[in-house]
Amino acid sequence: MRTPTIVAGCVAAVLVVGLLARGESPLQAQNAPALSRVEGRVTFTETIAPIVYDNCVSCHRPGEAAPFSLISYDDVRNRGQLIAAVTERRYMPPWQATHGYGEFADERRLTDAQIQAIAAWVKSGMPEGDRSKMPAMPKFTTGWRLGTPDLVLEMPKEFEVPASGPDIFRNFVIPSGVLEDKWVRAVEFRPRARTVVHHALFAYVRAGAYSSIDGADGQPGFRGLAPIGANPAIAPAGPLGGWAVGATPRFLPEGLALPMSRGSDFVIQMHFHPTGKVEREKSTVGIYFADKAPDRMLRVLQLPGLFGIGQGIDIPAGEKNYVISRSATLPVDVRIFLTQPHAHYLGKEFKATATLPDGTERPLLWIQDWDFNWQDGYNYKQPVVLPKGTRIDVRITYDNSASNPRNPSNPPKRVWWGEESTDEMGSVSFGLIPVRKEDEPEWAQFAGQQLKGTLLAAGQNGTLQRLAASQSRGLLEAPGAGRGALAALLGRGRGAAAASDAPAAGPAAPSEPTGPSLPAQVMADLFSGIGGNAGALQRGLDFTVSVLAANPNHAQALAWHGAATLYYSATNADLSTLDRIGLFQRATKEMDSAVGIAPDDVRVRMARGVVLRLLTPTMPRLGNVPGLIENARADHQRIFDLQQGQLGTLSSHSLGELLQGLAELNSRQGKTADAEKYYGMIQSMLKGTDYAARAAEWMKTKQPLPQAQTNCVGCHVN
């Protein structure tokens with residue numbers, strides 16, 4: 001997906017799209033003749049129209065996402081050469097699974113005879129034929145296709161899709177309002193601006209899990225690809241299916257349903273394709289619940305696990321044949337209902353094969369030319385039953401060369417595993433259930449071992465560290481309790497008991513969430529600690545812990561504890577990768593929570609803004625994460641807005657740091673005009689100071705200054 005994502009748009013998170021939505025056929029579908037060979041004179045009315053009506057008009061009609069209609073004879077004749085070319089190449093209709101390598105339902109594939117008929121018709125001059133033999137125009141259902149939904153949800157605000165530009169991947173959060181745990185049998189999706197919506201993926205997440213980033217850039221939702229299964233920080237969470245162009249909703253097979261936790265948020269991840277006209281999307285979804293919890297739950301086997309995070313994907317620029325592979329031996333007999341592949345733009349080939357205990361090979365899926373723009377899931381015509389001891393092998397190939405027309409980078413660049421569409425992932429997922437219900441505990445144990453092994457491998461190969469550095473949230477809860485200073489840090493935070501070495505006396509616990517300001521000495525310790533004074537850092541941490549033990553919602557203590565923890569995680573060389581990730585997650589969560597509690601508290605905004613401003617240039621890959629830099633810029637901007645009427649009363653140091661931070665962060669984001677505005681204020685309001693000298697240096701190149709010229713902590717070190 002062109003980013004803008006996942007879930008993924010991201011795409012990657014939803015493993016059951018195939019069961020919940022498949023390609024739509026007209027109500028009178030299958031009126032095309034069964035052509036075994038091309039005979040006689042081929043005409044539009046008798047041969048071509050039935051083919052087009054059964055296979056093309058579900059998308060190629062007014063109001064749908066296809067760029068043109070194929071309703072009338074003139075429509076098809078005007079595109080005849082193109083239609084012959086794309087069908088001969090099997091680019092259209094979009095269907096990537098190789099025929100015969102797995103038997104799939106609703107195969108969107110023309111027969112060889114149909115393709116030959118189209119070619120013959122074009123070659124013969126595209127005759128119309130007898131109009132009296134023209135088939136009836138297909139009829140498509142309107143309204144809710146599955147009946148009245150049990151729950152209808154609508155995006156709170158509309159999202160504007162620009163007329164032009166790259167594809168957009170955007171996540172929209174809708175509070176579900178469900179008061180008890182539910183079981184979902186189907187989700188019906190109704191986009192308003194159908195011409196720009198390429199596909200959508202659905203999931204539920206813990207209420208408020210995305211509150212810190214939803215709308216943070218001034219637009220509804222948030223960008224990116226966020227694999228649901230790879231982020232415990234948003235749990236409980238899970239996939240709820242998806243929709244693609246031309247799809248129609250379906251109920252899960254009788255007796256199966258997907259969980260949806262009470263009070264959860266419903267998330268729609270959409271892929272938008274600008275069409276030359278500004279569109280405004282405000283989607284609606286209808287959700288259909290089961291009357292009771294199902295007897296059996298659909299399970300997922302994903303190879304490699306968590307979309308390949310444990311494979312150490314690191315594709316050199318120019319590499320044409322980069323391969324990852326993974327195998328798993330089934331611990332019990334299983335029944336597989338569907339399969340769904342996933343990679344990004346560099347993916348080229350997928351192959352999945354089952355080898356039975358007797359050595360017999362059974363093909364499961366083969367995609368020879370992956371196209372990221374046509375995400376799809378594949379339902380088997382009949383469930384595939386595989387006995388205990390069957391080995392499933394998955395092999396995925398990538399092409400990171402300039403000859404790959406889908407490569408988003410020109411020239412090619414080195415690519416790692418990651419959630420953005422210009423990163424890579426790779427997996428084949430299988431939706432299944434154990435044949436015998438009594439085997440489910442053994443399957444659960446097997447699945448847990450697979451997950452544990454995947455995360456361990458990801459920690460060992462450095463992928464988790466890169467992921468933590470590329471997102472404002474980590475993946476794992478912090479491990480390692482009981483290990484000295486790290487254990488002390490991990491034991492502190494919202495609701496944690498005060499450590500035994502905390503100060504004997506602290507301030508009285510404030511009754512309101514924001515509370516009184518931390519004492520001046522504590523603030524001095526915290527600034528000095530972030531400047532490199534380990535003793536001062538520990539004193540500041542201890543004091544914030546004592547405050548939080550009495551009042552977990554003390555926003556300033558929460559923000560500064562998070563800031564100090566983030567500094568510790570970034571600078572302590574003795575931490576393991578997993579420890580560092582755990583601290584990163586806790587720190588960012590604490591700071592984001594504090595801003596949520598007290599968004600207009602200068603003391604709170606200062607904590608997050610300062611530490612992110614200082615650390616983003618130095619932590620590996622962290623400085624390239626727009627979300628974190630934007631948080632720092634937003635914090636400085638809010639402080640500026642709150643104090644705009646009293647800027648003249650601030651000390652030169654306070655004013656200089658505020659304006660320097662705003663100028664620097666805008667410059668790092670490429671917002672040159674805004675940076676120039678604040679550097680200009682420095683030159684006019686702080687003449688003769690070091691800040692003015694730095695501003696003059698910036699004005700020469702209008703490029704971000706070296707960090708040594710922008711640090712603020714030097715005067716705070718004891």
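Each value, and the rule that gives it
- Residues numbered from 1 in each chain as written.
- Predicted model: local features only at pLDDT ≥ 70, side-chain atom pairs only at ≥ 80, totals over all residues.
- Heavy atoms only, no water.
- Helix = DSSP H or I, 4+ residues; strand = E, 2+ residues; numbered from the N terminus.
- Buried < 20%, exposed > 50% of the residue type's maximum accessible area, 1.4 Å probe, protein only.
- Areas by Shrake-Rupley, 256 points an atom, 1.4 Å probe, with all protein chains shown as cover.
- Phe/Tyr/Trp six-rings, centres within 6.5 Å; stacked < 30°, edge-to-face > 60°.
- Pairing = 2+ DSSP bridges.
- Axes fitted to C-alpha atoms, helices over the stretch in contact; angles between N-to-C directions.
- Core = buried A, V, L, I, M, F, W, Y, C linked by side-chain atoms within 4.5 Å.
- Salt bridge = Lys/Arg side-chain N within 4 Å of Asp/Glu carboxyl O.
- Parallel < 35°, antiparallel > 145°, perpendicular 65-115°, else oblique.
- Left-handed = near helix turned anticlockwise from the far one by under 90°.
- Contact = heavy atoms within 4.5 Å.
- Nonpolar A, V, L, I, M, F, W, Y, C, P; charged D, E, K, R; others polar.
- Expected span 1.5 Å × (residues − 1).
- Arc of directions from axis to C-beta.
- Polar contact = N/O pair within 3.5 Å; in protein donor to acceptor, adjacent residues only side chain to side chain.
- pLDDT = per-residue confidence, 0-100.

Asks: Explain the overall build of the protein chain to me, using residue names and the numbers behind them.
Replies: Of the regular secondary structure elements, the protein chain holds 17 helices and 23 strands. Residue burial in the protein chain is summarised as follows: out of 718 residues, 54% are buried. When the accessible area of the protein chain is evaluated, it comes to approximately 29300 Å², of which 50% is carbon and sulfur surface.

Asks: So what's going on with the packing of aromatic side chains? Residues and values would help.
Replies: The full count for this structure, using the stated rule, is 19 aromatic pairs. Summarising the aromatic geometry, the rings of Phe251 and Tyr288 are spaced 5.6 Å apart at their centres and angled 80° between planes, so their arrangement reads as edge-to-face. Remark: Tyr288 occurs in strand 13 (residues 284–289) and Phe251 occurs in the loop between strand 9 (247–249) and strand 10 (258–260); sequence separation between them is 37 residues. Owing to a relative accessible area of 33%, Phe251 belongs among the partly exposed residues under this scheme. Look at Tyr288 and you get buried, because its relative accessible area is 4%. Judged by centre distance (5.4 Å) and plane angle (80°), the ring pair of Phe640 and Tyr678 falls under edge-to-face.

Asks: Pulling in residues and values, what's your account of the sheet that holds strand 21 (residues 391–398)?
Replies: Across the sheet, 4 strands lie side by side as 16-21-18-19; this open sheet has antiparallel pairing. Two strands bound the open sheet, and with one partner strand each, they are strand 16 (322–329) and strand 19 (361–367). Adjacent strand axes in the sheet meet at a mean angle of 10°, parallel and antiparallel pairs treated alike. Of the strand pairs in this sheet, strand 18 (residues 347–355) and strand 21 are connected by 8 bridges, and their pairing is antiparallel. Each residue of the ladder has a partner; that of Gly347, found in strand 21, is Tyr398.

Asks: Mind laying out the nonpolar core, listing which residues take part and the relevant values?
Replies: With 47 residues, the main nonpolar core has Ile336, Ile392, Tyr398 and Phe430 as its most contacted residues. Counting residues in hydrophobic clusters, the runner-up holds 40 residues, among them Trp560, Leu566, Phe584 and Ile629.

Asks: Provide a residue-level description of the pattern of salt bridges, including the pertinent values.
Replies: Across all of its chains, the model carries 31 salt bridges by this definition. Between Arg605 and Asp635 there is a salt bridge, with the nearest N and O atoms lying 2.8 Å from each other. Of this pair, Arg605 sits in helix 13 (residues 602–615) while Asp635 sits in helix 14 (residues 626–643), placing them 30 residues apart in sequence. When salt bridges that share partners are traced, they join Glu158, Glu160, Arg192 and Arg280 into one network.

Asks: Any chance you could break down the sheet that holds strand 8 (residues 238–244) for me, citing the residues and the numbers?
Replies: What the 5 strands build is an open sheet, ordered 7-4-11-6-8; its pairing is antiparallel. A strand with exactly one partner marks an edge of an open sheet, and here the two such strands are strand 7 (222–223) and strand 8. Note: strand 6 (residues 197–205) against strand 11 (residues 265–272), 8 bridges, orientation antiparallel. Within the sheet, the bridge partner assigned to Ala200 lies in strand 11 and is Met270.

Asks: Let's hear about the packing of helix 15 (residues 652–668) against helix 16 (residues 672–685): which residues, and what values?
Replies: Their axes nearest at 7 Å, the elements helix 15 and helix 16 cross at an angle of 155°. In this view, helix 15 runs roughly antiparallel relative to helix 16, as classed from their interaxial angle. Crossing angle aside, the handedness with which helix 15 passes helix 16 is left-handed. Every residue of helix 16 that contacts helix 15 at Leu655, Leu659, Gln660, Leu662, Ala663, Glu664, Asn666 and Ser667 is listed here: Asp674, Ala675, Tyr678, Tyr679, Met681, Ile682 and Met685. Of the residues contributing to the contact of helix 15 with helix 16, the split by class is 10 nonpolar, 3 polar and 2 charged.

Asks: I'd love a proper account of helix 16, names of residues and values included.
Replies: When the terminal C-alpha atoms of helix 16 are compared, their 20 Å separation across 14 residues agrees well with the 20 Å that a helix rising 1.5 Å per residue should span. Among all positions of helix 16, only Ala675, Tyr678, Tyr679, Met681 and Ile682 are buried. Down the axis of helix 16, the buried side of the element spans an arc of 150°, and every buried residue falls inside it.

Asks: How would you explain helix 2 (residues 44–55) if you had to name every residue and give the values?
Replies: When you tally the buried positions in helix 2, you get 10 out of 12 residues, the bulk of the element. Among all positions of helix 2, only Phe44, Thr45, Thr47, Ile48, Ala49, Pro50, Ile51, Val52, Tyr53 and Asp54 are buried. In this structure, the buried side of helix 2 is in contact with helix 3 (73–78) and helix 5 (112–123). Among the residues of helix 2, the N-terminal cap falls to Thr43, whose side-chain oxygen and the backbone nitrogen of Glu46 are separated by 3.4 Å.

Asks: So what about the confidence of the model for the protein chain? Which residues, and what values?
Replies: When pLDDT is averaged along the protein chain, the result is 78; 80% of the residues meet or exceed 70. Confidence scores differ between elements of the protein chain, with helix 8 (residues 484–490) showing the lowest mean pLDDT of 32 and strand 21 the highest of 97. In this model residues 620–624 is a low-confidence stretch, pLDDT under 50, and it forms 13 contacts with partners more than four residues away in sequence or in other chains.

Asks: Got a sec to walk through the pairing of strand 18? Specific residues and values, please.
Replies: Bridge analysis of strand 18 against strand 19 gives 6 bridges, and the strand direction is antiparallel. Counted as the bridge partner of Thr353 is Pro363 from strand 19. Remark: 5 residues form the turn of the hairpin made by strand 18 and strand 19, two consecutive strands paired antiparallel; Gly359 in that turn has positive phi of roughly 95°.

Asks: Any details on the environment of Thr397? Residues and values, ideally.
Replies: Examined against the element boundaries, Thr397 turns out to sit in strand 21. Thr397 sits 29 residues away from Gln368 along the chain, and the two C-alpha atoms are 9.6 Å apart. With sequence-adjacent residues up to four places away left out, Thr397 is seen in contact with Asn321, Tyr322, Val323, Leu346, Gly347, Lys348 and Glu349.

Asks: Kindly report on the environment of Arg638, identifying the contributing residues and their values.
Replies: With respect to the helices and strands, Arg638 occurs in helix 14. You can call Arg638 partly exposed: its relative accessible area is 26%. Each residue touching Arg638, except ones within four places of it in the same chain, is listed here: Pro599, Asp600 and Arg605.

Asks: Lay out the packing of helix 9 (residues 520–530) against helix 10 (residues 534–550) in plain terms, naming residues and giving numbers.
Replies: Packing of helix 9 against helix 10 leaves a shortest axis separation of 7 Å and a crossing angle of 135°. Between helix 9 and helix 10, the angle falls in the class oblique. The crossing of helix 9 and helix 10 is left-handed. Residues Val522, Asp525, Leu526, Ser528, Gly529 and Ile530 of helix 9 form the contact with helix 10, whose participating residues are Ala536, Leu537, Arg539, Gly540, Leu541, Phe543 and Thr544. The residue makeup of the contact of helix 9 with helix 10, split by class, is 7 nonpolar, 4 polar and 2 charged.

Asks: Account for the side chain of Glu630, naming residues and giving values.
Replies: Its location among the elements puts Glu630 in helix 14. Taking relative accessible area as the criterion, Glu630 reaches 15% and is therefore assigned buried. A polar atom in the side chain of Glu630 sits 2.9 Å from the side chain of Gln669.

Asks: How would you explain the side chain of His342 if you had to name every residue and give the values?
Replies: Relative to the helices and strands, His342 resides in strand 17 (residues 334–343). With a relative accessible area of 3%, His342 lands in the buried category. Within the structure, the side chain of His342 is placed 3.3 Å from the side chain of His344, a separation counted as a polar contact.

Asks: Got a sec to walk through the environment of Pro599? Specific residues and values, please.
Replies: Along the polypeptide, Pro599 turns up in the loop between helix 12 (577–597) and helix 13. Each C-alpha atom of the pair Pro599 and Arg638 lies 8.5 Å from the other, and the pair is 39 residues apart in sequence.

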